[in-house]
Every structure is written in C-alpha cells, then in structure tokens.
Amino acid sequence: MTSSRLSKGGRIDRSKSVRFTFDGKAYSGHTGDTLASALLANGITLFGRSFKYHRPRGVFAAGSDEPNALVTVLAGEVREPNVRATELEIHDGLVTQSQNRFPSLEHDFLAINQLAGPLFSAGFYYKTFMGPAIGPLRGTRFWMFCEKFIRRAAGLGKAGIAADPDRYERMNAFCDVLVVGSGPAGLIAAEAAASTGARVIIAEERPLAGGSLLASGELIDGRNPAVWAREKAAALAAMPNVRFLTRTSVWGYYDGNVLTAVEHVSDYKPNRTKGQPRQRHWVIRTGRTVLATGAFERPMVFPGNDCPGVMLADAARRYAIEYGVAPGNNVTLFTNNDSAYDAARTMSLAGVNITAIIDVRPDVSGTCRDIASVAGAELFLAHAVTATHAGKALSSITVQHFNAGTGRVSGAPRELKTDCLGVSGGWSPAIHLASQAGGKPDWDEDLQAFLPPEPNQNWVTTGSAAGYMDTISVLSDAATKGSAKSRLVLPPVEAPMLDASPAPVFEIEPSAKSQKAFVDFQHDVTADDIRLAYREGFHSVEHLKRYTTLGMATDQGKTSNVPGLAIMADVRGISIPEAGTTRFRPPFTPVSLGAIAGERYGDLRPHRLTPMHDWHLANSAKTYEAGLWHRPMIYASHGETVEQAYTREARAVRQSVGIVDVSTLGKIDIQGPDAAEFLDRVYTNMFSTLPVGKARYGLMLREDGVAFDDGTTWRLAETQFLMTTTTANAGPVMQHLEYYLDCIWPNLRVHLTSVTDVWAGSAVSGPKARAVLEACVTGTKVDNVTLPFMGIVHGKIGGIPVMICRLSFSGELAYEVYCGAGFGTKVWETLLVAGEPFDIMPYGLEALGTLRIEKGHVTGAEIDGRTTAHDLHLDWMLSKKKPYIGSAMIGREGLTDENRLSLVGLISMDNQSITGGSHIVTDPVPREPADSFGHVTAACYSPALGKYIALALVKHGTSMIGNRAFATDLLRDKHCPVEIVSHHMFDPEGSRMHG
Amino acid sequence: MIIKCPYCGPRDVIEFIYQGDATRSRPEPASNDMAAWNAYVYDRANPSGSHREYWLHSGGCRQHLVVTRDVSTHAISSVVFARDAAVAVKSGEPA
Ligand SMILES: [Zn+2]
C-alpha cells in the first residue's frame, strides 16, 4: 500500500460508509469521496491502461482536467464510458470498471504495444494504413481490414448498446450576470453583482463551492478558507436574485452571450427521487458573463512522467486536504515554481510525509526554503527528475543536476525512494470558454501561460482565469469585475508570500535513450512525437494537433496544451506566442448526448391530420405520410392489392362519382387594394382580369425562370383572393410571397394570411358530381349556368356554409367544396349520403395520382425545380402583356434549348408496370451504364386506358411522340418497352370536365 | 445568436429563417438588362465584416428584417423591418 487514508481531515463524512465496486472488487469509502479519492484511500494507484501503449496509469489530477483515470460506470444494461474518476462521486451500489485493458488491469496482454513503440508514433495511422497501391488490400481497403484489430488495441471506454433508460431535461434560463465558477473569484464576483440587485446565476462544476479554497492553507477572515467559502455560498444561495447551481459544468459559449451547461441532478445518487432527471441541460442567456474558471496546473514533461504515482502537485494536495488521503508514504515534489511549496506546506501540516522537493531553479526565496525545512523535505535546487522507476506503482525517481538556462542535464544521477511524485510545471488559466467565445489569447511572459483574449462579447474573466495567482489580488479583482458599483468590504487573507510564476522550463530531456516523456497522457502523445511531427513538416500548431492528435482527447488538452506548444516552439526556434495556440471548441467537458437531446427523441416531427382523418381511418383507409401530412393512400377492401384498390377507385370516378379529401392544399388569403396587381406580378398569367366569383389556374416561376408552383386562385371579392398551392409548397409559397411584399414591393397594399388549416376541402369528381351537389346543396343552384367551369358559389350543405368552386384535377366534371375545418367531417358525410344513389366512392392519393397521370396534369414530380413552363407545355400560361417573377430570365439560352427534357406520356407495350424513376433508353438490352435520354416521373395502371402508363421527361419530347423506347430500371431489374405518346393520354379535348 | 426583432424583441436565431443578401437590388420588372438580372439572381459577394442580410421572423411576427451583421464576429449592429428599409431605398434615403 502506498496511498492511504489519513487519520483526520478532509470534507468527507467519516461517519458514513459507502460501498462500491471497481473491476468486480468491493471497496468502501465515505460520503464526499470521489472514486479517485476512495480508491487512493484503499491503496489503489493503478486506474487504467493508456490509449495506445497500454501503459499502466494512475490518477493524475483531482478534477475535470484528469487525463488518465477514466472509468466505465455500469448500471444494469447501461454503461457510461470515459467517466473521470476524479469527478465521479461514489454512492452505495456504484459499479465501475477500468478501461482499455485485456483481460484485466493487472495483466494486460496488449501492454506489448509498448515494445512496438515506434509503430505507434505520430502519423502511424496515416503512414501505415494507406495500404499498398495494388492487390486485394489496396488503398483504404487495407485500413478497413486492419481497423477492427486496431480499434480493439487502442482506445478509451466502450460505449453501451442498450437504450438509455434515463430521463433528461432541458432548461432555458435568463440572467443579468452569469458567474462561471465559485472559487474565491466567483464567490466575490457573484456577491458584488448580486448586491446591486442583478439577477445572478452561479454555475459550479463541483458538488460544492470554494474552488482552490477547499484545499488552500490560507486563512480568510481568520478562518479556514473552506468554511469561509461554504458560508459565503450559502448566503448567496439564500438571496432571492441568485440561483446557485452546483455539479453544473458550463461547456459551451456561443454568440449573443448564450452559454450551455449540464447539471448532474441525480446521477451521483444511489436512488433518485421519483421524476428527477439524471441530468439537466441548461441554455443560459445572460447579459454579462463573469468567467471565474480558475487555472489548471501543468505537468512537467520528463522521462517516465506517466507512471502511477506521478500526479500534479496540487492534486496531491487536494487528496490530502479535501479527502483526507495521503497520496503516498514518501511524497516528493518536482517543480519550476513556488506553488508546489505551498502544496508541501499544507500536505505536511495535514500529516503527509514530504521527503524531497526538486526544483529546476538555481535559487528560491527564503519562504520556500523555510517551507522545505519546516516540512523536513530535502531541497534539490537546479535539479530535475530524469527517470522514474515503477512497475504498477512508483518506487523511486532519479534526480540529476539541471541547468534551467541551457536545459542541460549533468552530474551523477541520484535515486530517491518515493511512492508519489507531485509535479508542477506552472499554471494555465482556464481560458477555454473565453477562447470559444472568440479572440486570440494573449501570452503572458511572467506566468508562461496564455491569458484570456480581449472580450468580443459582454464578458470578463477574473481570478486565476485572468492570471491573478494570489488570493488577495483575486478577491479585489473579482469585486470590481462582479460589479463596478459594488462596495464590498473584502476579508483579510493570511498566506505565505509565494510566486506562481514559473521558470520557463517545460521539458527535461536527458538523452535520446531515455524513457518516454508524455505530453498528452490521454492520447499517448510524447515529446518525441512532437519532434517527429516537426521533422515531417507539420510545423503549424493546427497541423501538429491533427497529425499527433495532441489535445484532441476527451480532456481537450487541459494539461497538455501549453507543454506541447512549448516543445514545438523550442524545436522551431521561436517563442511560444509565435507558435500560437489552437482555438478551444465546445464542449469544455464531455456531455452526454442524452442531456443535449433532453425530451426530444424518437419521432420529432409534428403530424398533420386533416379534419376528416378519423373518418378515413374508420373507413379502412391505408394512409401514408406526404410531408408532415397523413393522407389516405387507398381505402382498402378485403383481399385487394393496392393496385386493385386504386384502380377500383379511379374507375368509379370516371364512371360515376368519387370524393377525395383535398384539405392539405396550401391556402393563402390575399387581401388589399393591390391584391390583383400583386398576383399579376407573382403569377405568369393575368389575374387582374379575373371576374369576382371566378377561379383561374395559375403558374409561378422562380426568379431564375424555372417553374416553382401551380394552383388555382379564386377571386372572392374585388380586393380578396383565395390562393391554393400544392400541398408540399404551402410553406415555401407563403414565404416567397412575404419576401416580395416585404423586401421588393413594400408599397403594395396587400395582406397575406395562411388559411390552410382554416378550411376543410372535399373534391367531388365524376359524371355524377353535379347530381350529388344538387341533392345536398341549399341556398344556391349548381347548374351549368350558375356554376360554370371555374365558377364559384356560396351555399350550404347540411346547414353548414360552404364555398364551391368548379374545377378539375381529374379531368372529370368536378367541384371543390370548402367549409370551416371544424365542419369538415359533417360536410364530407353529407356529400357521401347525397352520393349514395350514385355509389359515390371515396378515393385516396393513389387514385388521385392515376387520374392526373391519365390527364397529363403536372405536380411536384414534374415541377421539380429543374423544369420550365415550356418543358411542361405550360407556355400558354406565360403572359406577354406584363412582366412577372421569372419573366426576365425565362428566355435564356439554357432554358429554351431544344435539347431540354420535356413532358410526354408513356404506354407500356408488354403490359408490365413501369416504375417511377426508370430511365428512358433506346437499347433493347439492359446495360450499365445506359445512355439515358429521360426519366419517368410518375407511373400507374390506367383503368381508363386499360394499360400501364407513365409520365416522363424526355429529350426532344414532343418530336419523339410515336417512337418506341425502353423504360429501364436496373435497381428493380425492369426493362420495359414503351411507346412515347402525348402527355394528354385521356380525353385530350377536355370534353368531360366541361360537360 | 440573438436577433432583436423590432416587433417581438430579442429572440433566439432558431426563430428566424435566413433569406439572403439584402444588398442586391432587383432591376425594374420590365428591364431587359440581362447583366443586371444576372447580378441580382446569381452574384453574391460573400464579404468579410459587416453585411446586410434578410432574415424572416418565421417563428414570430413573420416580418422580413434587414439585419446588419458582422459575419466574422456575428455582432449585429442594426435590425430594421425590411419594408422600412426598402421604402427608404426607393425614396433615396439611406436605410
Ligand atoms: Zn418578430
């Protein structure tokens, strides 16, 4: 056993035991422990195997910066990988597992990867798995072949495949000031802001407030700083204008001062209160942000710096002070700055045995010397650690003389027995959120670190995040940053005079034959990898990052960023700020997808149902989804195929009468003195000449001259029109019209209202349609004189006011009957009763499509964003008397080229069905690739013609009429001989609808 | 990103639909100047820095807005109704 629980101290509750397991073995800890502190207290120092080399790794940090001690948490079927043991609060029944080891943590077969070290160096994947140029494993196939073996050997935790049974919540919050972090800076800034009455949210990623104060050896207001912080936090939380969120990690900073955070609501508890989510995702919109995010201690890069037992000096201190755990029996420290001395002092006071302090600097202050001598630690000035000796735990280190000016190691090595080495390579302000917000960080020569950039939004940084490394200046800075108006009286602070500014030493490189020296522990990137990247030409930090994967692991380089840049700057012979830094991206800490999704999972689309939907379902409709709408496809009779059903329905329409739900058509109410003028501009044809009480078929183009949408528009009054659009384009047409009124023609006095959902529509079609209406419509006649083709009348059906327009999509005598949506089913049923003597047949979309294909009427399948009015034989609708949207561009060469595809009909010559999407070819033998000169847009069996037919867009369409060709569909293995015919395949004169 | 709609107040960008470059001007409807039409329909400058854009407040008042936005920082310096901007342009005033 090396690490162990101290007899006293720490904020753990020693009266409460907590039972948990790690790799199948049961352990106990106390309430307040993290998995890391509890395992250390149990003498466990080996936590996992590393990413590439399967090297044994211990715990390195004590917070969200932990690169090594990642575990998988198991809960029944559910596994959550890559959880930082340093943040995971233990609870009764917690089951955890180490990662990336096989078959066990102690005996790992793949540790042999260490011997194959050179193979796994930077760029290994790129170089090795491009594969040979020829042969069965050429190119990426080789990678695909090797991938599964590599994935098993290298990696982090394995994600589960069971569905996540937990509930997550999303929350929006608004405040005047968001304070991120509740260390000394966050607490004082929040107090200053809150004292002015501002609405304040404080977000703290740990379970309690205090930050550095939780383990500091200072006195604030003459008291233990952790107690001071706890009381300050409680007082703040009690204020009505303050919301204090703990276990809440702010992970993203977006434009407009929008920040995202994830709150661990209950995943640290053994039993959740009913209804409690596991995590809550916050979107916080704030007037001002105070980033009091603290600073991360940096490692030193030296040979063997990754073995279990080597950890950050401040982490060692935190285990001792916060959790009452001695990180070792003989603790040594290795530093380039004063902060490790404070760690030595506080640990020593807590009863931890500090045996040596190795400092790269040739001289240190009297305070430092005093601390070392009081602690009884041997002081090695101008020395460095040049090797570590460890199996699965550290047993000793080698120290040698070191010249910080030249970086040279010299003199006789001396071996020191130690089971825990605390390292401090200086401090990096946690500028991640500030960097996400934008701007280039500033290099601070004194701190040898990047400071936050100049704010580009309304935010400030304070405390050590802003580069203030002693508590006195942290507090006074935070009070001003919290609110310029605050008059807080700051508490006195008693602390030793120490300077966290480091000597500019990042790496100890005794010789080329030394042990590996790690920079990025989580991705197993070594100092040599960075030099290799340099030799291979990857000099820019962006290239370095991608080639070596430095800083790209789940810890986002919290500990590795600056040391990595320093080594690259050194080999390039430039300064660190000249080498530059990469921009941090969200998330600051890993976020579960469940938290981001919240309640939004499964089917996220709204479902649009017509007023008659329930009737359709009750009458054996089979529906399908058309955009968001659910529409009847067919009304199935027992034993019928889909083709038999739609054939029956379409035949009934041609022979007698049918009824179809057309409520989904887009409907826009257009009113105003300039409504007619407006329609003249948006439609290709004229609407100002349309008499009141009549409808007209209209065509719209896009500005570039391509067809956009079609539909009928009804003139209800001199200044009022009802426009109908295709179902699919209801939204886009509305937006199109709004755009022109707002942005192009603001002087037109026109008002638009979407009324799609206001009206229910039923189309009654067939030779007996008029007879059906005559049987049920009151208040108006519906004869050919009163209601001619394209006429509109108002009347009642079953006492319900209706508006009837005589227009035809099917080519039959037909009427569209509109009523208030709430009466849709009532009117529909009344029409059915009136139609009973004529065997009226409800029909679905398949029959509707069949009827229109027979007639050659176009829909979205033909108005596909590529076709022109000419292509669709709608050029008769292009007015020559006025300009309209698209008129200027329609005559362009490319749009009038005679080689363009144009609309034709196809008739199957072998009585086989033609499939939609088939290509039109001349070759009688199916081939790949075929020389296509067109494609099928819609196909069906035509009961009126007794043949399989289709509509198609074909090159030289009109002049091809009468020719034979093949509709080929290699995907469905079809090659159907067809005759090209006019798209008017049925009743080309239109005699039936005018009858 | 938050857009301060002159009618609805400050709203999140998810309520809006981007409707393109607001600096281009449409030729007179009857114009035969194909170069001008071509520029209007196709040419987009993609500048860095401040830019005028149309945004439709589709999840709010359904007004088109002219948003002046620095496309490199996303800082918005002005938001006006597109109608007001268009009327101002027609009458020769700066919008
Ligand atoms: Zn609005």
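Residues numbered from 1 in each chain as written. Chains lettered and ligands numbered in written order. Predicted model: local features only at pLDDT ≥ 70, side-chain atom pairs only at ≥ 80, totals over all residues. Heavy atoms only, no water.

1. A closer look at the nonpolar core
For soluble globular proteins, nonpolar side chains are generally found buried alongside one another.
Residues and elements named next belong to chain A.
Now for step 1: Y319, F334 and I508 are the most contacted members of the largest nonpolar core, which totals 80 residues.
Now for step 2: Leaving out residues up to four positions away in the same chain, Y319 has contacts with A36, S37, L40, V59, A61, A62, T86, M311, G324 and V325.
Now for step 3: Listed in part, the 49 residues of the second largest apolar core include L699, Y843, I890 and Y948. (Core = buried A, V, L, I, M, F, W, Y, C linked by side-chain atoms within 4.5 Å. Buried < 20%, exposed > 50% of the residue type's maximum accessible area, 1.4 Å probe, protein only. Contact = heavy atoms within 4.5 Å.)

2. Quick look at the confidence of the model for chain B
Residues and elements named next belong to chain B.
Now for step 1: Scored by pLDDT, chain B has a mean of 91; 94% of the residues are at 70 or more.
Now for step 2: By mean pLDDT, helix α2 (residues 82–90) is the weakest element of chain B at 82, and strand β4 (residues 50–56) is the strongest at 97.
Now for step 3: Scored as a complex, the prediction yields pTM 0.84 and ipTM 0.96. (pLDDT = per-residue confidence, 0-100. Helix = DSSP H or I, 4+ residues; strand = E, 2+ residues; numbered from the N terminus.)

3. Here we look at the sheet that holds strand β36 (residues 666–671) of chain A
All names here are of chain A.
Now for step 1: The strand order β37-β38-β39-β36-β40 describes an open sheet built from 5 strands, whose pairing is antiparallel. Because the sheet does not close on itself, it has two edges, and the strands there are β37 (695–701) and β40 (751–754). In this sheet, neighbouring strand axes are inclined to one another by 30° on average, regardless of whether the strands run parallel or antiparallel.
Now for step 2: When β36 meets strand β39 (residues 720–725), the two strands line up antiparallel, connected through 6 bridges. Opposite D669, over in β39, you have L722 as the bridge partner. (Pairing = 2+ DSSP bridges. Axes fitted to C-alpha atoms, helices over the stretch in contact; angles between N-to-C directions.)

4. Some words on the packing of helix α7 (residues 339–349) of chain A against helix α8 (residues 366–375) of chain A
Residues and elements named next belong to chain A.
Now for step 1: Two numbers describe how α7 lies on α8: the axes approach to 9 Å, and their chain directions differ by 30°. The orientation of α7 relative to α8 falls into the category roughly parallel. Judged by the twist between their axes, the crossing of α7 over α8 is left-handed. Listed contacts from α8 to Y341, A344, R345 and S348 of α7 are C368, I371 and A375. (Parallel < 35°, antiparallel > 145°, perpendicular 65-115°, else oblique. Left-handed = near helix turned anticlockwise from the far one by under 90°.)

5. What about helix α12 (residues 541–548) of chain A?
Residue and element names in this part refer to chain A.
Now for step 1: Residues of α12 that are buried: V541, L544, K545, Y547 and T548.
Now for step 2: Put simply, S540 is the residue that caps the front of α12, since its side-chain oxygen is 3.1 Å from the backbone nitrogen of E542.
Now for step 3: Trailing α12 by a residue or two, T549 shows a phi angle of about 65°, which is positive. (Polar contact = N/O pair within 3.5 Å; in protein donor to acceptor, adjacent residues only side chain to side chain.)

6. Quick look at the environment of A:G411
Now for step 1: Mapped onto the fold, A:G411 is located in strand β24 (residues 408–417).
Now for step 2: Measuring from C-alpha to C-alpha, the distance between A:G411 and A:D680 comes to 94 Å, with 269 residues separating the pair along the chain.

7. Focus on the sheet that holds strand β20 (residues 354–359) of chain A
To summarise the sheet geometry, strands pair through backbone hydrogen bonds and adopt either a parallel or an antiparallel arrangement.
Residue and element names in this part refer to chain A.
Now for step 1: Here we have 5 strands laid out as an open sheet, ordered β17-β25-β19-β20-β21, and parallel in their pairing. Of all the strands in the sheet, just β17 (310–312) and β21 (378–381) have a single pairing partner and so form its edges. Averaged over all adjacent pairs, the angle separating strand axes in this sheet is 20°, with direction ignored.
Now for step 2: Pairing geometry for strand β19 (residues 331–335) and β20, over 5 bridges, is parallel. By the bridge assignment, L333 is partnered in β20 with I357.

8. A look at a negative patch on the surface
Residue and element names in this part refer to chain A.
Now for step 1: Taken together, the side chains of E445, D446, D470 and D499 make up a negatively charged region of the molecular surface.
Now for step 2: Relative to the assigned elements, D499 resides in the loop between β30 (493–494) and β31 (518–520).
Now for step 3: By relative accessible area, D499 is classed as partly exposed at 42%. (Patch = residues over 30% accessible without salt bridge, like charges linked within 9 Å, V, L, I, M, F, W, Y side chains within 5 Å. Areas by Shrake-Rupley, 256 points an atom, 1.4 Å probe, with all protein chains shown as cover. Salt bridge = Lys/Arg side-chain N within 4 Å of Asp/Glu carboxyl O. Lys, Arg positive; Asp, Glu negative; His and termini not counted. Charge placed at Lys NZ, Arg CZ, Asp CG, Glu CD.)

9. Details of the interface of chain B and chain A
Now for step 1: Across the boundary between the two partners, chain B contributes 28 residues, which contact 25 residues of chain A.
Now for step 2: Carbon and sulfur atoms make up 52% of the area that chain B and chain A hide from each other, which totals about 2,400 Å².
Now for step 3: On inspection of chain B and its partner chain A, the count reaches 4 salt bridges.
Now for step 4: Here A:R285 ties to B:D12 by a salt bridge, and the two come within 2.4 Å at their closest N and O atoms.
Now for step 5: Remark: the boundary between chain B and chain A carries 10 residue pairs in polar contact (both at pLDDT 80 or more).
Now for step 6: Residue assignment for the side of chain B that touches chain A shows that the elements contributing at least two residues are β3 (17–21), α1 (34–42), β4 and α2 of chain B. (Buried area = accessible area lost by both parts, 1.4 Å probe.)

10. Details of the environment of A:K513
Now for step 1: Mapped onto the elements, A:K513 comes out in the loop between β30 and β31.
Now for step 2: Once the C-alpha coordinates of A:K513 and A:P303 are considered, the two residues, 210 residues apart in sequence, prove to be 9.7 Å apart.

11. Describing the domain arrangement of chain A
All names here are of chain A.
Now for step 1: Examined at the domain level, chain A breaks down into domain 1 (118–153), domain 2 (167–298 + 429–494), domain 3 (519–579), domain 4 (613–663 + 758–843), domain 5 (666–754) and domain 6 (898–994).
Now for step 2: Computed from C-alpha atoms alone, the centre-to-centre distance between domain 4 and domain 5 is 25 Å.
Now for step 3: Domain 4 puts 15 residues into the contact, and the matching count from domain 5 is 13 residues.
Now for step 4: Carbon and sulfur atoms supply 68% of the area that domain 4 and domain 5 bury against each other, a total of about 1,100 Å² over both sides.
Now for step 5: When the buried area of domain 4 at its contact with domain 5 is split by residue, M790, I792 and Y818 rank highest and sum to 43% of it.
Now for step 6: Where domain 4 packs against domain 5, one counts 0 salt bridges.
Now for step 7: One can count 4 residue pairs in polar contact (both at pLDDT 80 or more) joining domain 4 with domain 5.
Now for step 8: Counting residues per element, the ones that place at least two in the side of domain 4 that touches domain 5 are β34 (629–635), β44 (800–805) and β45 (814–820).
Now for step 9: Among the residues forming the side of domain 4 that touches domain 5, the class breakdown is 11 nonpolar, 2 polar and 2 charged. (Domains from an automatic or database assignment. Nonpolar A, V, L, I, M, F, W, Y, C, P; charged D, E, K, R; others polar.)

12. Observations concerning helix α4 (residues 184–195) of chain A
All names here are of chain A.
Now for step 1: In a regular helix each residue adds 1.5 Å, so 12 residues correspond to 16 Å; α4 covers 16 Å between its end C-alpha atoms and thus fits that length.
Now for step 2: Within α4, 10 of the 12 residues are buried, leaving the element largely enclosed by the surrounding structure.
Now for step 3: Residues of α4 that are buried: P184, A185, G186, L187, I188, A189, A190, A192, A193 and A194.
Now for step 4: Elements that come into contact with the buried residues of α4 comprise β9 (168–180), β10 (200–203), α5 (225–237), β12 (242–245), β15 (279–291) and α10 (471–482). (Expected span 1.5 Å × (residues − 1).)

13. What to know about the pairing of strand β3 (residues 25–31) of chain A
Residue and element names in this part refer to chain A.
Now for step 1: Sheet topology places strand β2 (residues 13–22) next to β3; 7 bridges connect them, and they run antiparallel. Residue pairing across strands places F22 opposite K25, the latter belonging to β3.
Now for step 2: The hairpin formed by β2 and β3 contains 2 residues between the paired strands, and D23 there has a positive phi angle of roughly 50°.

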